Amino acid sequence: MSGGYGLVKALKIIGLVWVLGVSMNAEAGLFGFGGTSWKEEALQNDGSKIIVERSIRLGGRHEIGQEPSIREQSLVFIMPNTHQRVSWKDEYSADLGTANFLPMQLEVAKNTAYLVASPMGCLSYNKWGRPNPPYVVFKYQDKAWKRIPLQELPIEFKQINLAFSSPDHAAKEANHGLLSAEQIKKWNSDAQQPQYKSILREPLPQVRINEMCEERILYKGNWILPNDPIARKFIDQQNK
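Residues numbered from 1 in each chain as written. Predicted model: local features only at pLDDT ≥ 70, side-chain atom pairs only at ≥ 80, totals over all residues. Heavy atoms only, no water.

Novice: So what exactly am I meant to see when it comes to the pattern of salt bridges here?
Specialist: Overall, the coordinates contain 7 salt bridges when judged by the stated rule. One salt bridge connects R85 with E53, and the closest N-O pair in it is separated by 3.5 Å. You can see R85 sitting in strand β4 (residues 85-90) and its partner E53 sitting in strand β2 (residues 49-60), a full 32 residues away along the chain. Exposure remark for R85: the relative accessible area of 54% places this residue in the exposed category. One salt bridge connects D95 with K127, and the closest N-O pair in it is separated by 3.5 Å. Separated by 32 residues along the polypeptide, D95 in the loop between β4 and β5 (101-109) and K127 in helix α2 (residues 122-127) bring together distant segments of the chain. Classification of D95 as partly exposed rests on a relative accessible area of 24%. For K127, a relative accessible area of 32% puts it in the partly exposed group. In the salt-bridge network here, residues are joined through shared partners; they are E41, K49 and E182. (Salt bridge = Lys/Arg side-chain N within 4 Å of Asp/Glu carboxyl O. Helix = DSSP H or I, 4+ residues; strand = E, 2+ residues; numbered from the N terminus. Buried < 20%, exposed > 50% of the residue type's maximum accessible area, 1.4 Å probe, protein only.)

Here it is as structure tokens:
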């Protein structure tokens, strides 16, 4: 069996379908590895807007000749009614060699915040349980973020209101200032897959899911196919 890095290299041919071209052309040196920061207007379901401070630090796993991927990132915003300053962080994950997510939607209702994110690449998708539709949803309540099922996200929250694909490029377009809600909508309009046009509630066909991102399991630091003999032995042992 090849080493973990070689396996990840092979997986990227399939896995980056989920990333929607998240190449990172950020300014070097801002966060040590290179990164950027900016603000966004997150248009809410009720028509109001929340200012979101975003930052990205680069330095995650990448191929020779390619730019570093996202190593860590953060979102910071003020809750409209309580004026509480809330932050969400996505830190480096050693099993992925990168951060975990691409944030898509931030909504606040009744002093509760909801964040919808897409797993960043196939490895992350497998790590987070292969959700279908392919979202990981977080709820902020009682001063903590907690993952919740998609069914607990209020049904009226449908629009993608954060710069999703290559967010650092969107920040450059706004000269690292404020990205308006209109600019964010325009930036996200190139998305082709329905799950990236709005928040879906019905699962995608399983065949389509498998075509976009094949199933892998983590075994001794390597992401291997479930039908690999070593994997089968590992799974059988876990099921005893």
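Novice: Even after reading the chapter, I still don't get the state of the cysteines, so can you show me in this structure?
Specialist: A disulfide bridge is the covalent bond that connects two cysteines by way of their sulfur atoms. Inspection of every chain in the model, using the stated rule, returns 1 disulfide. There is a disulfide in this structure between C122 and C213, and the S-S distance comes to 2.1 Å. Placement of the pair is C122 in helix α2 and C213 in the loop between α5 (206-212) and β10 (217-219), with a sequence separation of 91 residues. (Disulfide = S-S within 2.5 Å.)

Novice: What exactly am I supposed to notice about the sheet that holds strand β7 (residues 136-141) here?
Specialist: Consider a sheet: its strands pair through backbone hydrogen bonds, and that pairing is either parallel or antiparallel. Strand order in the open sheet made by the 4 strands is β5-β6-β7-β8, with antiparallel pairing throughout. For this open sheet the edge positions go to β5 and β8 (144-148), each flanked by a neighbour on one side alone. Mean inter-strand twist for the sheet, computed between neighbouring axes without regard to direction, equals 25 degrees. Taken together, the 8 bridges between β5 and strand β6 (residues 112-119) define a ladder with antiparallel strand orientation. Bridging from a neighbouring strand, P103 pairs with A117 of β6. (Pairing = 2+ DSSP bridges. Axes fitted to C-alpha atoms, helices over the stretch in contact; angles between N-to-C directions.)

Novice: Just checking my understanding: could you explain helix α4 (residues 181-188) for this structure?
Specialist: Structural remark: α-helix, 3.6 residues per turn; residues separated by three or four positions point the same way. Taken as a whole, α4 has its buried residues at A181, I184 and N188. Looking straight down α4, one finds its buried side chains confined to an arc of 60 degrees; they lie on one side. Opposite the buried face of α4, at more than 90 degrees from it, the exposed residues are E182 and K186. (Arc of directions from axis to C-beta.)

Novice: Honestly, the packing of aromatic side chains in this entry has me stumped. Any pointers?
Specialist: Evaluation of the coordinates by the stated rule reveals 9 aromatic pairs. Aromatic pair Y114 and F157: ring centres 5.8 Å apart, planes at 65 degrees, arrangement edge-to-face. Taken as a pair, Y114 in strand β6 and F157 in the loop between β8 and α3 (167-173) lie far apart in primary sequence, 43 residues in all. Y114 gets classed as buried once you look at its relative accessible area, which sits at 8%. (Phe/Tyr/Trp six-rings, centres within 6.5 Å; stacked < 30°, edge-to-face > 60°.)

Novice: Just to check I follow, could you spell out the side chain of S93 for this structure?
Specialist: Position of S93 among the secondary structure elements: in the loop between β4 and β5. Within the structure, the side chain of S93 is placed 2.6 Å from the side chain of K127, a separation counted as a polar contact. Residues within four places of S93 in sequence aside, it is in contact with T98, N100 and K127. (Polar contact = N/O pair within 3.5 Å; in protein donor to acceptor, adjacent residues only side chain to side chain. Contact = heavy atoms within 4.5 Å.)

Novice: Explain the environment of Q105 to me, please; I cannot follow it from the model alone.
Specialist: One can find Q105 in strand β5. When its relative accessible area of 0% is taken as the criterion, Q105 is described as buried. Along the backbone, Q105 and V137 are 32 residues apart, and their C-alpha atoms lie at a distance of 9.4 Å. Setting aside chain neighbours within four positions, we find Q105 in contact with Y114, L115, V116, L153, F157, K158, Q159, N161, L162 and I199. Among the polar contacts listed, one links the side chain of Q105 to the backbone oxygen of Q159, at a separation of 2.8 Å.

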